[in-house]
Amino acid sequence: MLAYVMRRLLHGCLVVLGVLLFLFLLFFTLTDPDDIARRALGEKAVPAVIAQWKTNHGYDRPLWPWRGGRESMLVEHYRRMLTFDFGRSDSDDAPIVERLRRGVGPSLALTVPMFVIGLLLSIVLALFVAFFRETYIDRMGVLLAVLAMSLSVLLYIIGAQYVIGKLLRWFPISGFDPDPRVAWRFLALPVLVGVAAALGGDVRFYRTVFVEETGRDYVRTARAKGCAEGRIMWVHVLRNAMIPILTHVVLAVPFLFTGSLLLESFFGIPGLGSLTVDAINGNDFSTLRTMVYLGSLLFVGGQILTDISYALVDPRVRLS
């Protein structure tokens, strides 16, 4: 297993280096340091101020190593990312590490309950629908799941804010308070929206996995031995369907740290999702490349954890 993990880590490093290169090429193909400086300083900034800002942020250097050697922007870009020296924001000079530290808490407070509730609810509903497969309950469940998938997440957000937040006044429409005694009131509505928006797709996916498992030989053997249908679904089918469930779950877990772009923006939650959206809107290259870099690291880590988890839940899988 150690050799397999080392190979996957090597492949992951190559992927991350490629992502950093693609990000650098994409960003400086679409814009240039003068545009970044004007976004930060304002359109009326004089050339001398823009030049000083570029010097302070290292944007006055040559782009490529064959012109600037170790002082080039590309080498500096790799050095900062690989040493986790993220520097300061292009928009307001705030330390990016400090922004990450402040944002990860609100993001996890939103994404962890949303993920856990959504996972448990979707598996239970999918098992229930698969238990009544080929009946009107199954057909109605699939129809509702497809309808839920067809609706835009923006419709969920706007509808929940209007009905639950404005008309019923159950929860605040937006905002966030880090005090644990009141934070749940600000998080309840976005968690509800996040669970509802993802429920249709998850139920349909897990229902397909469970129905496929019910046609296996071990299920027929269990029925021939007189095992109850409920026990077959909850014990045998659920356990043997763990690999596709793990693929879905383990890949999602690392991205809980990066937050939710839409939900945090619409509900005013100061997490890492809002930080990413603000970086995109503000042309903040330093913050944006940090978030993309962290996302690629989390993705590679999630892929490796997924492969290792296969061997842990299924003894037929060998990591060699």
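Residues numbered from 1 in each chain as written. Predicted model: local features only at pLDDT ≥ 70, side-chain atom pairs only at ≥ 80, totals over all residues. Heavy atoms only, no water.

(A) Structural view of the pattern of salt bridges. Following the criterion strictly, the structure yields 17 salt bridges and no others. Among the salt bridges present, the one from Glu98 reaches Arg101, with a minimum N-O distance of 2.5 Å. Note that Glu98 and Arg101 are positioned in helix H6 (residues 96-131) at a spacing of 3 residues, about one turn of the helix. Given a relative accessible area of 55%, Arg101 falls into the exposed group. Notably, a salt bridge pairs Arg216 with Glu213, separated by 3.7 Å at the nearest N-O pair. For Glu213, a relative accessible area of 11% gives the class buried. (Salt bridge = Lys/Arg side-chain N within 4 Å of Asp/Glu carboxyl O. Helix = DSSP H or I, 4+ residues; strand = E, 2+ residues; numbered from the N terminus. Buried < 20%, exposed > 50% of the residue type's maximum accessible area, 1.4 Å probe, protein only.)

(B) Here's a closer look at helix H2 (residues 33-41). Inspection of H2 places Pro33, Ile36 and Ala37 among the buried residues, and these make up the whole buried set. Within H2, the buried residues cover an arc of 100° as seen down the axis, which keeps them to one side. (Arc of directions from axis to C-beta.)

(C) Geometry of the side chain of Asp284. As for its position among the elements, Asp284 is in the loop between helix H14 (272-281) and helix H15 (285-313). Once you skip the residues sitting within four places of it in the chain, Asp284 turns out to touch Ser89, Asp90, Ser91, Arg99 and Ala279. (Contact = heavy atoms within 4.5 Å.)

(D) Geometry of the packing of H6 against helix H9 (residues 180-213). Relative to each other, H6 and H9 sit at 35°, their axes nearing to 7 Å. H9 is crossed by H6, and the crossing has right-handed handedness. In the contact of H6 with H9, the residues fall into 22 nonpolar, 3 polar and 2 charged. (Axes fitted to C-alpha atoms, helices over the stretch in contact; angles between N-to-C directions. Left-handed = near helix turned anticlockwise from the far one by under 90°. Nonpolar A, V, L, I, M, F, W, Y, C, P; charged D, E, K, R; others polar.)

(E) Just a nonpolar patch on the surface, in detail. There is a patch of nonpolar side chains on the surface, built from Tyr162, Val163, Leu167, Leu168 and Trp170 and spanning about 520 Å² of accessible area. Within the secondary structure, Tyr162 sits in helix H8 (residues 153-167). Overall, the relative accessible area of 46% leaves Tyr162 in the partly exposed class. (Patch = residues over 30% accessible without salt bridge, like charges linked within 9 Å, V, L, I, M, F, W, Y side chains within 5 Å. Areas by Shrake-Rupley, 256 points an atom, 1.4 Å probe, with all protein chains shown as cover.)

(F) Up close: the side chain of Arg207. Inspection of the secondary structure puts Arg207 in helix H9. A residue is classified by how much of its surface remains accessible, and Arg207, at 18% relative accessible area, is buried. Within the local environment of Arg207, its side chain forms a polar contact with the side chain of Asp138, the two groups lying 2.7 Å apart. The contacts of Arg207, once residues within four sequence positions are left out, are Ala126, Val129, Ala130, Asp138 and Val142. (Polar contact = N/O pair within 3.5 Å; in protein donor to acceptor, adjacent residues only side chain to side chain.)

(G) Molecular detail of the environment of Met140. On the secondary structure map, Met140 appears in helix H7 (residues 136-150). Placed 11 residues apart in sequence, Met140 and Val129 show a C-alpha to C-alpha distance of 8.9 Å.

(H) Representation of the packing of H8 against H9 within the structure. Contact pair H8 / H9: the axes reach a minimum separation of 10 Å and the direction vectors enclose 140°. Considering the angle they form, H8 stands oblique to H9. Both H8 and H9 take part in a crossing whose hand is right-handed. Along its contact with H8, which presents Val153, Tyr156, Ile157, Ala160, Gln161, Ile164 and Gly165, the element H9 presents Leu189, Leu192, Val193, Ala196 and Ala197. Across the contact of H8 with H9, the residue classes break down as 10 nonpolar, 2 polar and no charged. (Parallel < 35°, antiparallel > 145°, perpendicular 65-115°, else oblique.)

(I) Layout of the layout of surface pockets. Here the largest pocket defines a volume of roughly 540 Å³. Residue lining of the largest pocket: 22 residues in total, with Met114, Phe115, Gly194, Ala198 and Leu256 positioned closest to the centre. Among the secondary structure elements, those contributing two or more residues to the lining of the largest pocket are H6, H9, helix H12 (242-252) and helix H13 (261-267). When the residues that make up the lining of the largest pocket are grouped by side-chain class, the tally is 14 nonpolar, 7 polar and 1 charged. Considered as a void within the structure, the second largest pocket measures approximately 290 Å³ in volume. Taken together, 19 residues form the lining of the second largest pocket, with His57, Gly58, Arg80, Ser286 and Arg289 sitting closest to its centre. Broken down by secondary-structure element, the contributors of at least two residues to the lining of the second largest pocket are helix H1 (2-30), helix H3 (47-57), helix H5 (73-82) and H15. The dominant element in the lining of the second largest pocket, judged by the number of residues it contributes, is H5, at 4 residues. Residue composition of the lining of the second largest pocket, grouped by class: 6 nonpolar, 6 polar and 7 charged. (1 Å grid on protein atoms, 1.4 Å probe; cavity = no way out; pocket = protein on both sides within 12 Å on 5 of 7 lines; lining within 4 Å. Points joined across faces, edges and corners; volume = space filled by probe spheres on them.)

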